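Reading the structure
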Amino acid sequence: AGLAAVATGCGPRPASALRGVKGPLPTDVCQFCQGDALLTCNRCGGKGEHGALPYGERNSEKEEFIECSECDATGWRICGTCKFTGLGPQRFRKLFRDLQFRADVLDAKDLMDPRPTPERRELFKGALKLAVKEAEGRYNTQLNAQLNATPS
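Throughout, residues of each chain are indexed from 1 in the direction in which the sequence is written. In keeping with the model being predicted, local features are shown solely for residues with a pLDDT of at least 70 and side-chain atom pairs are shown and tallied solely at 80 or more, while totals for entire chains, interfaces and linings include all residues. Side-chain calculation: all heavy atoms of the structure are included, whereas hydrogens and water are not.

The term nonpolar core refers to a set of buried residues drawn from Ala, Val, Leu, Ile, Met, Phe, Trp, Tyr and Cys, joined through side-chain atoms within 4.5 Å. Only protein chains enter the accessibility calculation, which uses a 1.4 Å probe; a residue is then buried when its area is under 20% of its type maximum, exposed when over 50%, and partly exposed in between. Counting 15 residues, the largest nonpolar core has Leu87, Leu95, Phe101, Val105, Phe124, Leu128 and Val132 as the members making the most contacts within it. At the level of secondary structure, the elements contributing two or more residues to this core comprise helix H2 (89-95), helix H3 (99-110) and helix H4 (118-149). Of all hydrophobic cores here, the second largest spans 5 residues; its members include Cys30, Leu39, Cys79 and Cys82. Secondary structure counts use DSSP, requiring at least four H or I residues in a row for a helix and at least two E residues in a row for a strand, with both numbered from the N terminus.

Structure (structure tokens):
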């Protein structure tokens, strides 16, 4: 039914049909972080530590666990695909034109420094959700103003 709906023009439009289309924002999320804006660290697998051999050793029995330097021993890293917003490409492009949104995203990212602890992670996610909501509100206000200004 889904393919027939797209083929006949009924139902959701494929992502390629959204390019350049003015209208309501798509509700897509980043395919890599699933909208979370954070990913599990590749180096330590989310554990915050990884095995390492002392310098000059080749015997795996002497392996030691050290704090992961890639994620500062948190197990998380910021998603670079969505520029730590959690947004999918179409939605990101529309919102990232908003300079206030850019500033709000950078402010939210500052909440993750120096270390993304669980508490800071929740603050970050809350600030990011608020930034997206406010940017979407500004976008929709501008869109409505443009639609109302267009002569019928």
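Moving on to unusual backbone geometry. Positive phi values are uncommon outside glycine, yet Ala73 reaches one of about 65°. By the secondary structure assignment, Ala73 is in the loop between strand S3 (64-67) and strand S4 (76-78). At Phe84, a residue that is not glycine, the phi angle is positive and equals roughly 50°. Look at Phe84 and you get buried, because its relative accessible area is 16%.

To continue, consider the confidence of the model for the protein chain. In low-pLDDT segments, the atomic positions of the prediction should not be examined closely. pLDDT measures how confident the predictor is about each residue, on a scale from 0 to 100. Averaged over all residues, the pLDDT of the protein chain equals 77, while 72% of them reach at least 70. Here helix H1 (residues 2-7) stands out as the element of the protein chain with the lowest mean pLDDT, 38, in contrast to H3, whose mean of 90 is the highest.

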